[in-house]
Amino acid sequence: MPIITPAYQQQNSTYNVSTSTRVVMVEELKHGLAVTNEILQGKSDWPKLFEPRNFFQKYKHYIVLTASASTEEHHLEWSGYVSMWFLGIVFRKVENAASVNVDLTYVIQSFKDDL
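The structure displayed is predicted, hence computed values, not measured ones. (Residues numbered from 1 in each chain as written. Predicted model: local features only at pLDDT ≥ 70, side-chain atom pairs only at ≥ 80, totals over all residues. Heavy atoms only, no water.)

J.: I tried to follow the overall build of the protein chain on my own but got confused; where do I start?
T.: Helix and strand content of the protein chain: three helices and zero strands. In sequence order, the secondary structure elements of the protein chain are arranged as α-α-α. Residues counted as buried form 17% of the 115 residues belonging to the protein chain. For the protein chain, contacts bridging at least 24 residues in sequence account for 36% of all contacts bridging at least 6. As displayed, the protein chain offers around 9,900 Å² of accessible surface, 58% of which is attributable to carbon and sulfur atoms. (Helix = DSSP H or I, 4+ residues; strand = E, 2+ residues; numbered from the N terminus. Buried < 20%, exposed > 50% of the residue type's maximum accessible area, 1.4 Å probe, protein only. Contact = heavy atoms within 4.5 Å. Areas by Shrake-Rupley, 256 points an atom, 1.4 Å probe, with all protein chains shown as cover.)

J.: Help me out: how do you make sense of helix H1 (residues 19-40) in this one?
T.: Helix length check: H1 (22 residues) gives 32 Å between terminal C-alpha atoms against 32 Å at 1.5 Å per residue, within 8%. Looking at H1, one finds that the buried residues are Ser20, Thr21, Val24, Gly32, Val35 and Ile39. The arc that holds every buried residue of H1, seen down its axis, measures 110°, which confines them to one face. For H1, exposure combined with an orientation more than 90 degrees from the buried face picks out Thr19, Leu29, Lys30, Leu33 and Leu40. The first or second residue beyond H1 is Gly42, which carries a positive phi of 80°. (Expected span 1.5 Å × (residues − 1). Arc of directions from axis to C-beta.)

In structure tokens, the structure reads:
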């Protein structure tokens, strides 16, 4: 399943897709198709297509990583290191285990404490 980046210069990003993330993408595309069909049949409206899915109902277990630092520069370095460590070591090993399906929802939120 080729995945082409939308930015110039286009690149095939398939090497970043694992078995589990492919399963998640196919599932989301099927959901989008089902909602689009409902819209085209007049059973729903377009805003339904953009409603967020409920992550916490979909998954029984999840991991939250928090990286904090004293400066913004250190935070950028530290959060990059933590996310790469997690992806490179933990995520790859867990995904290779039999009968484990991993959905890597990679949302970075930055919080600034000015106190």
